[in-house]
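Given next are the chains, with one letter for each unit.
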Amino acid sequence: MVNQSKLGNSNLVVNPIGLGTNAVGGHNIYPNLSEETGKEVVRTAIQHGINFLDTAFIYGPERSEELIGEVLKEEGRRESVVLATKGAHKFVDGEVKFDNSPAFLKESVESSLRRLQTDYIDLFYIHFPDKTTPKDEAVGALKELKDQGKIKSIGVSNFSLDQLKEANKDGYVDVLQSEYNLFKRDAEKDLLPYTTEHNITFVPYFPLAAGLLAGKYTKDTRFEDGRAKNPMFQGEEFLRNLEKVEQVRKIAEDKGVEVAHLVLSWYLTRSSISALIPGAKTPEQVQDNLKTLDVELTPIEIVKIDEIFQ
Ligand code: NAP
């Protein structure tokens, strides 16, 4: 297993197992989150060699960035971490809209810098496309910020192939972040081939399918957050999904590893995927996900896992 990977054409190098932090201060995503636990999650990550942290303005909103900023300051570890954040959400009369205009993106970077208590962001993503801004202009604004040293690399997220092509007209995009996991493999049709061809790192979000691929849910598990309304976690579809996880468990048991680590290591065999950002709600989950680095899949195991989810 590779222990370090480079992000796109940038000079940034990360441990392939990073940390997704929408459960760190993400009160608008998960109810009843403890901020202290969230800070401990981040602290545990950086103390155990995770150096790729993924946050966004909208997680909280604002609180995830603020808590991460506090931990990095308390630990004195800003320099050893590759810090990724995202912007595009704009509150207009209490409603959320997306804005990719150069002015708004520049404003977003400034406010993220303040919340993160830093003077540079390693990777800044346009979180969602808006309907009007030409994507190369939006990325052009980020290139200016990169030239000024305020950000070190450029990412886009939730972009279609056409939007990505437009964004990358000048070859400035280093990272694409999109939903991808064993249950949701649409990206294999177009986004993964494009990113591979253009040396853009593909960072999949929901790698554990919001916990389903961690292998611990049963038919009796009930959810109190957004998952309660997600068909993947309800009725017949949930049962079918659990059955697939059981098939993965057989392979994991034969290998003497756990489902989550088998699944995470499978993604790292895909072209253009070299870094993952599984989310964690506890320090134990953070440490547990690092065990992925010890898993080496055989070609046969790679195919078998693939086939379960075809
Ligand atoms: P995920 O990584 O698929 O699943 C994370 C969940 O799996 C955890 O909250 C936890 O849930 C469970 N889990 C994690 N590690 C585990 C372990 N070792 N053992 C057992 N259970 C474990 O989903 P996600 O956190 O929503 O997504 C990952 C990251 O992607 C986010 O944190 C965020 O940074 C990013 N993201 C980006 C976008 C975007 O639009 N760009 C959208 C969504 C997410 P339970 O404890 O509840 O079971």
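Up top is the structure these notes are about.
So, here's what we can say about the structure. (Residues numbered from 1 in each chain as written. Predicted model: local features only at pLDDT ≥ 70, side-chain atom pairs only at ≥ 80, totals over all residues. Heavy atoms only, no water.)

### Here's the deal with the overall build of the protein
Consideration 1: Tallying secondary structure elements over the protein gives 10 helices and 11 strands in all.
Consideration 2: Scaling as 2.2 N^0.38, a compact globule of 310 residues should have a C-alpha radius of gyration of about 19 Å, and the protein matches this with 19 Å.
Consideration 3: Dimensions of the protein, computed from the C-alpha atoms along their principal axes, are close to 50 × 40 × 40 Å.
Consideration 4: Counting all 310 residues of the protein, 55% fall into the buried class.
Consideration 5: A total accessible area of about 13600 Å² is found for the protein, and carbon and sulfur atoms account for 48% of it.
Consideration 6: Computed over 38 positive and 49 negative side-chain charges, the separation of the two mean positions in the protein equals 1 Å. (Helix = DSSP H or I, 4+ residues; strand = E, 2+ residues; numbered from the N terminus. Rg over C-alpha atoms; globule rule 2.2 N^0.38 Å. Buried < 20%, exposed > 50% of the residue type's maximum accessible area, 1.4 Å probe, protein only. Areas by Shrake-Rupley, 256 points an atom, 1.4 Å probe, with all protein chains shown as cover. Lys, Arg positive; Asp, Glu negative; His and termini not counted. Charge placed at Lys NZ, Arg CZ, Asp CG, Glu CD.)

### With respect to the sheet that holds strand β4 (residues 52-54)
Consideration 1: One open sheet accounts for seven strands, arranged β3-β4-β5-β8-β9-β10-β11; its pairing is parallel. The open sheet has two edge strands with one neighbour each: β3 (19-20) and β11 (201-205).
Consideration 2: As judged from the five bridges shared by strand β10 (residues 175-179) and β11, these two strands associate in the parallel manner. In the sheet register, Val-175 faces β11, and the bridge partner there is Thr-201.
Consideration 3: In this fold helix α4 (residues 135-147) packs onto β8 (123-126) and β9 (154-157), with an angle of close to 150 degrees to the strand it touches most, β9. (Pairing = 2+ DSSP bridges. Contact = heavy atoms within 4.5 Å. Axes fitted to C-alpha atoms, helices over the stretch in contact; angles between N-to-C directions.)

### Examining the packing of helix α2 (residues 63-75) against helix α3 (residues 102-116)
Consideration 1: Contact geometry for α2 and α3: axes closest at 7 Å, N-to-C directions at 45 degrees. Taken together, the axis directions place α2 and α3 in an arrangement best described as oblique. Across the interface between the two elements, Glu-65, Glu-66, Ile-68 and Gly-69 from α2 touch Ser-112, Arg-115 and Leu-116 from α3.
Consideration 2: When grouped by side-chain class, the residues that make up the contact of α2 with α3 number two nonpolar, two polar and three charged. (Parallel < 35°, antiparallel > 145°, perpendicular 65-115°, else oblique. Nonpolar A, V, L, I, M, F, W, Y, C, P; charged D, E, K, R; others polar.)

### Description of the site of the ligand
Consideration 1: If you check the shell around the ligand, you find 30 residues, and the closest are Asp-54, Lys-216, Tyr-217, Lys-281 and Asp-288.
Consideration 2: For the ligand, an oxygen atom lies 2.7 Å from a polar atom in the side chain of Lys-281.
Consideration 3: Bound to the protein, the ligand loses 92% of the 900 Å² it would expose on its own.
Consideration 4: Looking at which element gives the most residues to the shell around the ligand, the answer is helix α9 (residues 283-289), with three residues.
Consideration 5: Residue classes in the shell around the ligand are distributed as 13 nonpolar, 11 polar and six charged. (Near = heavy atom within 4 Å. Polar contact = N/O pair within 3.5 Å; in protein donor to acceptor, adjacent residues only side chain to side chain.)

### Some words on the nonpolar core
Consideration 1: Core analysis: the largest hydrophobic core is formed by 78 residues, its most contacted members being Leu-19, Leu-53, Ile-126, Val-156, Leu-213 and Tyr-267.
Consideration 2: Broken down by element, the residue count for this core peaks at seven residues, all from helix α8 (residues 259-267).
Consideration 3: Beyond its immediate stretch of four places on either side in the chain, Tyr-267 contacts Tyr-180, Asn-181, Leu-182, Pro-207, Leu-213, Ile-273 and Leu-276.
Consideration 4: Judged by nonpolar contacts, the second largest core, of 12 residues, contains Val-14, Val-175, Ala-275 and Ile-277. (Core = buried A, V, L, I, M, F, W, Y, C linked by side-chain atoms within 4.5 Å.)

### Notes on unusual backbone geometry
Consideration 1: Following Gly-60, the chain continues to Pro-61 via a peptide bond in cis, the omega torsion being -10 degrees.
Consideration 2: Along the chain, Pro-61 turns up in the loop between β4 and α2.
Consideration 3: Positioned with a positive phi, Asn-32 is a non-glycine residue whose angle comes to about 55 degrees.
Consideration 4: Here Asn-32 shows up in the loop between β3 and α1 (35-47).
Consideration 5: You will see that Glu-62, though not glycine, has its phi angle at about 75 degrees, which is positive.
Consideration 6: Secondary-structure assignment places Glu-62 in the loop between β4 and α2.

### A look at the pairing of strand β5 (residues 82-87)
Consideration 1: Across the six residues that make up β5, a large majority, six, are buried.
Consideration 2: Covered by surrounding structure in β5 are Val-82, Ala-84 and Lys-86 together with Leu-83, Thr-85 and Gly-87, the residues of both alternating faces.
Consideration 3: Where β4 meets β5, three bridges bridge the pair, whose relative direction is parallel. Pairing of Leu-53 across the sheet is with Leu-83, part of β5.
Consideration 4: In this sheet, β8 lies alongside β5 in parallel orientation, the contact comprising four bridges. Paired with Ala-84 across the strands is Leu-123, a residue of β8.

### A look at the packing of aromatic side chains
Consideration 1: Per the counting criterion, the structure on display carries 12 aromatic pairs.
Consideration 2: Through successive ring pairs, a cluster of aromatic residues spans Tyr-180, Phe-202, Trp-266 and Tyr-267.
Consideration 3: Over the ring of Tyr-30 we find Lys-281, and its NZ or CZ is 4.2 Å from the ring centre. (Phe/Tyr/Trp six-rings, centres within 6.5 Å; stacked < 30°, edge-to-face > 60°. Lys NZ or Arg CZ within 6 Å of the ring centre and 35° of its normal.)

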